[in-house]
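Structural overview
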Protein chains: 2
Amino acid sequence: MGYAVIFMHRQFSLQPYSRHYSHSKNCFLDFMELKSDGSIGVNSKYAPKMKAVLEKYQEFKKNETLLFLDFVTVADYLFLLRSVTRIMSALKEHAMYYLAAAVSDFFIPAQKMPQHKIQSDGGLTLTMDQVPKFLKPMVTNWVPCGFIVSFKLETDPALLVDKSRHALTRYGHQIVIANLLAIRKREVILITRDSEFQIKLTEDEIAENIEIESRIIPELTKRHDEWIRNADHVDM
Amino acid sequence: MGYAVIFMHRQFSLQPYSRHYSHSKNCFLDFMELKSDGSIGVNSKYAPKMKAVLEKYQEFKKNETLLFLDFVTVADYLFLLRSVTRIMSALKEHAMYYLAAAVSDFFIPAQKMPQHKIQSDGGLTLTMDQVPKFLKPMVTNWVPCGFIVSFKLETDPALLVDKSRHALTRYGHQIVIANLLAIRKREVILITRDSEFQIKLTEDEIAENIEIESRIIPELTKRHDEWIRNADHVDM
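Owing to the predicted nature of the structure, the values given are computational and were not obtained by experimental measurement. (Residues numbered from 1 in each chain as written. Chains lettered and ligands numbered in written order. Predicted model: local features only at pLDDT ≥ 70, side-chain atom pairs only at ≥ 80, totals over all residues. Heavy atoms only, no water.)

Things to note about helix 1 (residues 47-63) of chain A
Note the cut-off: Secondary structure elements follow DSSP: runs of H or I no shorter than four residues count as helices, runs of E no shorter than two count as strands, and numbering proceeds from the N terminus. Between the first and last residue of a helix there are one fewer steps than residues, each counted as 1.5 Å, and that sum is the expected span. Accessibility here uses a 1.4 Å probe with only protein chains present; expressed as a share of the type maximum, an area under 20% marks a residue as buried, one over 50% as exposed, and anything in between as partly exposed. For this quantity, the arc is that covered by the directions from the helix axis to the C-beta atoms. Between two residues, a contact is recorded if the distance between any of their heavy atoms is within 4.5 Å.
Here helix 1 of chain A spans 24 Å end to end across 17 residues, near enough to the 24 Å set by a 1.5 Å rise per residue. Considered for burial, the residues of helix 1 of chain A that qualify are A47, M50, V53, L54, Y57 and F60 of chain A. The buried residues of helix 1 of chain A occupy an angular sector of 160° when projected down its axis, which confines them to one face. Away from its buried face by more than 90 degrees, helix 1 of chain A exposes P48, K56 and K62 of chain A. Among the structural elements, strand 3 (40-42) and strand 4 (66-71) of chain A together with strand 2 (32-34) and strand 3 (40-42) of chain B are those in contact with the buried residues of helix 1 of chain A. One or two steps after helix 1 of chain A, the chain reaches E64 of chain A, where phi turns positive at roughly 55°.

Here we look at the nonpolar core
Just so we agree on the cut-off: By convention a nonpolar core is built from buried Ala, Val, Leu, Ile, Met, Phe, Trp, Tyr and Cys residues, the set being connected through side-chain atoms within 4.5 Å.
Counting 30 residues, the largest nonpolar core has F28, M32 and M50 of chain A together with F28, M32 and M50 of chain B as the members making the most contacts within it. Elements represented by at least two residues in this core include exactly strand 3 and helix 1 of chain A together with strand 3 and helix 1 (47-63) of chain B. For M50 of chain B, the contacting residues outside a window of four places in its chain are F28, M32 and I40 of chain A together with Y21, F31 and V42 of chain B. Grouped together as the second largest cluster of nonpolar side chains are 29 residues, M8, F134, V143 and A178 of chain B included.

So, the relation of the copies chain A and chain B
This is how the line gets drawn: C-alpha atoms of residues with pLDDT of at least 70 in both copies form the basis for the least-squares superposition of the copies.
Overlaying chain A on chain B yields an RMSD of 0.0 Å, the required transformation being a rotation through 180° with an accompanying axial translation of 0.0 Å. Put plainly, the chains are arranged around a two-fold axis. Comparing contact sets, 98% of the residues at the interface of chain A also lie at the interface in chain B, consistent with an isologous, same-surface contact.

With respect to the pairing of strand 7 (residues 124-130) of chain B
Quick reminder of the rule: At least two bridges found by DSSP between two strands are what make those strands a pair.
The sheet contact formed by strand 7 (residues 124-130) of chain A and strand 7 of chain B spans 5 bridges and is antiparallel. Residue M128 of chain A lies in a different strand from strand 7 of chain B, and its bridge partner there is L124 of chain B. Judged from the 2 bridges that link them, strand 6 (residues 106-107) of chain B and strand 7 of chain B form a sheet pairing that is antiparallel. Counted as the bridge partner of F107 of chain B is D129 of chain B from strand 7 of chain B.

Side note on the sheet that holds strand 7 of chain A
Taking strand neighbours across the sheet as the criterion, the 4 strands line up as 6(A)-7(A)-7(B)-6(B) in an open arrangement whose pairing is antiparallel. Taken across any chain shown, the strands that pair with only one partner, and hence form the sheet edges, are strand 6 (106-107) of chain A together with strand 6 of chain B.

Concerning the UniProt feature "domain: DNA/pantothenate metabolism flavoprotein C-terminal" (unreviewed entry) in chain A
Heads up, the rule is: UniProt positions are given in the numbering used here, feature names are shortened, and annotations may be inferred rather than shown by experiment.
Taking the numbering used here, the UniProt-annotated feature "domain: DNA/pantothenate metabolism flavoprotein C-terminal" (unreviewed entry) corresponds to residues 86-194 of chain A. Between the end C-alpha atoms of residues 86-194 of chain A there is a gap of 28 Å, over a span that is 24% helix and 30% strand.

Re the interface of chain A and chain B
Often, the extent of an interface is quoted as the loss of accessible area upon association of its parts. Applied cut-off: By convention, the term buried area covers the 1.4 Å-probe accessible surface removed from two parts as they join, with the contributions of both added. Whenever a carboxyl oxygen of Asp or Glu lies within 4 Å of a side-chain nitrogen of Lys or Arg, that contact is scored as a salt bridge. We define a polar contact as two N or O atoms separated by no more than 3.5 Å, with the added condition that, inside protein, one atom must be a possible hydrogen donor and the other a possible acceptor, whereas residues neighbouring each other in sequence contribute only through side-chain atom pairs. Note on residue classes: Ala, Val, Leu, Ile, Met, Phe, Trp, Tyr, Cys and Pro are nonpolar, Asp, Glu, Lys and Arg are charged, and everything else, Gly too, is polar.
Taken together, the 56 residues of chain A in the interface contact 55 residues of chain B. Roughly 5,000 Å² is buried in total at the junction of chain A and chain B, and carbon and sulfur atoms are behind 60% of that figure. At the junction of chain A with chain B, the criterion picks out 2 salt bridges. Notably, a salt bridge pairs D30 of chain A with K61 of chain B, separated by 2.7 Å at the nearest N-O pair. At the boundary of chain A and chain B, one finds 29 residue pairs in polar contact (both at pLDDT 80 or more). When contributions to the side of chain A that touches chain B are tallied by element, the ones reaching two or more residues are strand 2 (32-34), strand 3, helix 1, strand 7, strand 8 (147-154) and helix 4 (157-171) of chain A. If one sorts the elements of the side of chain A that touches chain B by residue count, helix 1 of chain A sits on top with 9 residues. Considering only residue class, the side of chain A that touches chain B consists of 23 nonpolar, 19 polar and 14 charged.

Some remarks on the sheet that holds strand 10 (residues 187-192) of chain A
Residue and element names in this part refer to chain A. So the rule is basically this: Orientation is described by axes fitted as lines to C-alpha atoms, over the contacting stretch for helices, and by angles from 0 to 180 degrees between their N-to-C directions.
The strand order across the open sheet formed by 5 strands is 5-8-9-10-11, and the pairing between neighbours is mixed. In this open sheet, the two edge strands, each paired with only one partner strand, are strand 5 (96-99) and strand 11 (195-200). The sheet shows a mean angle of 20° between the axes of neighbouring strands, taken without regard to direction. Pairing of strand 5 with strand 8, which is carried by 4 bridges, proceeds in the parallel orientation. Note on strand 8: the bridge partner recorded for Y97 is I148. In the packing of helix 4 onto the sheet, the strands contacted are strand 8, strand 9 (175-180), strand 10 and strand 11, and the crossing angle to strand 9 comes to about 165°.

Right, dumping it as structure tokens:
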């Protein structure tokens, strides 16, 4: 069956499928050609890849299995997440929450924002508040039966695993995907309360442009299946 | 003849031509169709507009009249601007500098940046330095004969014209395009040391998606022509 996906993303972020042809990299205009009959086609050199992307894109549109929801500020994100998860809580253990958005740690509340553009006649000191930790209420109240995967990004390897475990203990969700900024596209660790599982691309896979998500997602769906089976047992 | 253009832009910003089809708005995949012979074409409904864009895009590529130069940080921008303008100074009065990039007013110098990700266990206070005012050295030293157009964006209408005039006096360049954040896409004022010229789209023009740049640029090229003629007189 596979999953239907709600893609919550910041306005103008890269998106599934079209991400292969952003306006600034791999610009699609470079792949198009004007034909003698006045129509526009795709250069045959680039057509096979574009065809594969387009077929997948049209399939999800036809099947209505991908919903795009965008937000702008971190406050928008938090309210949207709460609304969506509360609605999805009806799916109980069958829903997976893959919290990959890199949410700001700090923000300036609206009531502290100046009305007008700040004039620049010297330096500037900004005082920012911490963004509320939303995982605790999400796990406890919004979707207590959901399978929740969060990300922990660090730059310091010495902190990574401890901070990930600390998040699992503090919030009570299922998996933290721990990753280091410098190598996050080729190596991550899936951390649960009682296990660590490294996913690391080989040199060959990197050379073939394999994306690490293609290794992460099957591992997560496998664990989500187990989560669903275990929930069934409890129900009996 | 027209102008050859150096498009200095932040990495991943919208770009000429492809901007009509960014990955997040007007996604081009929505305009493509798989044909029965296995090739990919553009849906005939969207083909005329895309053809017009593609023809212009291919023309500048063939003629090599558009150079893309990207930057990331504000320091990159300033060093790149200095390098480019110093090279272009050989063009003397024939070069126009259209400084539309919305450069940060404040920044954190590299030596004040922490090595690792900032841990979030409370609020955060950031102290930022003012970005150096580069227009003065640009006008005085880098391209003293160039035709230099800067932008002044404000949110407070009461400050706009005075601040624009102040910039002209302080830096000694030719034109400030004064614009207010809320209405900048339909109304600007071209300000020189001794004149103000309002450019304002009509309701009809707004309804037809006329872009205000299509009114600004002809006015600027006219004034640049005058600038070149006056420079000739001085040379004689």
